[in-house]
Every structure is written in structure tokens, then in C-alpha cells.
Amino acid sequence: MSSSAPAPASPTRGLVVAIDGPSGSGKSSTSRGVANRLGLRYLDTGAMFRAMTWWLLRAGIDVHDADAVSARVSEPGIESGTDPLAPTIVVDGVDVGVAIRGDDVTGAVSRVSSVPQVRARLLQLQRNLIADATTTGGIVVEGRDIGSVVAPDAPVKVYLTADAAARAVRRAAEEGGSDVAATEASLLARDTIDSGRATAPLVMADGAVHIDTTPYTLDEVIDLVVALVEAVEAPA
Ligand code: DC
């Protein structure tokens, strides 16, 4: 099987596939591949937290000041495009798809994500997008708290991990050849904040299937997740 197989003509209705895991575990590539294979929409919730962070930094807000952050969370207009082949993220009409991957946003996003008012605002947007997508087909949603908080009733929940060294190599390559040691230090620092925060920390959700992606190719991981979906979809 290949991840580039054409989408089925009549996609599954109302399906939510929740994919959580730490940075660099393969969530984005896997989620997009699964969505493309099954003809589903795709939502990158990390991009929404990055978009909020981009806007706060541009507004000159001190992201370490939770009160200052929470006072402004309702202001930016954040729009996520959910085509798995061309996902988009737009803030107040500006395409920030490249800007949100910059070092300034990457260095600040875990702090911003730990502010409960940020999470509450984005949770509402995420649930609206999921509700829209499930009226016509379904959606693969990736993040840190999808199976535990955003979509706890999702029929398929996956928790992806990989060795820190493997994650750093992948993420550095995605970033166009960044220093692997520095990338590993940066993602481990974010993991610590993401897993330790009080609101919606990174956890393996109840009912999630754990896949350690370290020994697998991307296509093999996509195959594993598609098989989980097909098992849920199969008539009893
Ligand atoms: O997946 P990513 O690296 O683009 O995510 C960026 C940050 O956003 C990450 O440090 C944690 C946060 N995040 C979150 O708290 N909850 C989510 N559902 C998705 C991302």
C-alpha cells in the first residue's frame, strides 16, 4: 500500500481520528497521509497555537506574562484550511504558514500554550472545525490533547512517539538542515513544558493506541493508522 493512493469516492462520514504525541514524533506527516488516503480533512492544532503566538509576539506582548496573554486572546482572527494536501493558516488575513515555523515562535509557543484562556479560545475554534468536517466526511486532527480534551469521543485515537534522537533528526531535516543537537534540546525543552502544564497536558488519552514510530517508515506508520480506522469501520 502507498500513501499516495487516491482518496475513496465516498469518504467515511463523521469520522474523527485523533493523533497526539510530542514534537517530531511524525504526527504531521502521518496525519496528512492518513487524511489523504481516506479522503478526510486535516487539522494541525499546533499551527493554531503557533498562529496565536505569532500574533502575540507581533503585538509586543510578553509571552511569559500569562495575564497579558490572556487579556488579548480573543483578538486575532485565526483561520485554518483543512485540505491535507495544502493546509493553510491565516491570521487577520495574513498567511502565516512560513512565519509560524520561525525560531521566535518555536521558542515561545509552549509558554503561550500553557495559558488556559489561550486553550479555551482555540478549543472552541477546533471543535467548530471538527463539527463542520464531520457533517461531510471526517477529519484527522493532530496535537497534544486531541484524544484527551478536544475530541475525547473520537473512535480512533493514536499516540505517536519516537526516540528523541530520531525526532531531532526528522525535525532538523524538516527545518531545512538545522543543527540536530540544538533541535533535540529545543524539542525536549518543549516536551517538558507541554507534558508538565496544568491545563490539557500532553498525555496518552484513554483508549489511545501507542505507536513508537522509531523503526518504521512514514508509509508503514500510515498503513498502521489506516488499519486502525478500517478496524473501527468494519461491520460487526
Ligand atoms: O505540533 P507543534 O510542534 O507545531 O506544536 C506547537 C506547540 O503547540 C507545542 O509546543 C505544544 C502546543 N500544542 C498544544 O499545546 N496543544 C495542541 N493540541 C497542539 C499543540
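Refer to the structure above for everything that follows.
Residues numbered from 1 in each chain as written. Predicted model: local features only at pLDDT ≥ 70, side-chain atom pairs only at ≥ 80, totals over all residues. Heavy atoms only, no water.

Student: Please clarify how the site of the ligand should be interpreted in this entry.
Tutor: In the vicinity of the ligand lie 16 residues, with R50, S110, R119, D145 and R197 positioned nearest. Here an oxygen atom of the ligand and a side-chain polar atom of R50 are 2.7 Å apart. In the environment of the ligand, an oxygen atom lies 2.8 Å from a nitrogen or oxygen atom belonging to the side chain of R119. Here the ligand has 450 Å² of accessible area as a free molecule, and 99% of this is covered by the chains. Contributing elements (two or more residues each) for the shell around the ligand: α2 (45–58), α4 (103–113) and α8 (180–196). Tallying contributions element by element places α2 first for the shell around the ligand, with four residues. Each residue belonging to the shell around the ligand can be placed in one class, and the counts come to two nonpolar, five polar and nine charged. (Near = heavy atom within 4 Å. Polar contact = N/O pair within 3.5 Å; in protein donor to acceptor, adjacent residues only side chain to side chain. Areas by Shrake-Rupley, 256 points an atom, 1.4 Å probe, with all protein chains shown as cover. Helix = DSSP H or I, 4+ residues; strand = E, 2+ residues; numbered from the N terminus. Nonpolar A, V, L, I, M, F, W, Y, C, P; charged D, E, K, R; others polar.)

Student: Which parts of the structure should I look at to understand the side chain of T30?
Tutor: Following the sequence through the fold, T30 ends up in helix α1 (residues 27–38). Taking the relative accessible area as the measure of exposure, T30 reaches 1% and is therefore buried. Separated by 2.7 Å, the side chain of T30 and the backbone oxygen of G26 make a polar contact. (Buried < 20%, exposed > 50% of the residue type's maximum accessible area, 1.4 Å probe, protein only.)

Student: It is not clear to me how the sheet that holds strand β7 (residues 156–161) should be interpreted in this structure. Could you clarify?
Tutor: Two orientations exist for strands paired in a sheet by backbone hydrogen bonds: parallel and antiparallel. Ordered by their spatial adjacency, five strands build an open sheet running β2-β6-β1-β7-β8, and the pairing between neighbours is parallel. Whereas interior strands pair on both sides, the edge strands pair on one side only; in this sheet they are β2 (41–44) and β8 (209–212). Adjacent strand axes in the sheet meet at a mean angle of 20° when their direction is disregarded. Sheet topology places strand β1 (residues 15–20) next to strand β6 (residues 138–143); six bridges connect them, and they run parallel. The residue bridging V16 from the neighbouring strand is I139, located in β6. In this fold α2 packs onto β2 and β6, with an angle of close to 40° to the strand it touches most, β2. (Pairing = 2+ DSSP bridges. Axes fitted to C-alpha atoms, helices over the stretch in contact; angles between N-to-C directions. Contact = heavy atoms within 4.5 Å.)

Student: Got a minute to help me understand the packing of α2 against helix α5 (residues 116–136) in this structure?
Tutor: Packed helix pairs are characterised by how far apart their axes lie and by the angle those axes make with each other. α5 packs onto α2 with a crossing angle of 135° between their chain directions and a minimal axis gap of 11 Å. When the axis of α2 is compared with that of α5, the two are oblique. The chirality of how α2 crosses α5 is right-handed. Residues T45, M48, F49 and M52 of α2 form the contact with α5, whose participating residues are V118, R119, R121, L122, L125, Q126 and L129. Looking at the contact of α2 with α5, its residues break down into seven nonpolar, two polar and two charged. (Parallel < 35°, antiparallel > 145°, perpendicular 65-115°, else oblique. Left-handed = near helix turned anticlockwise from the far one by under 90°.)

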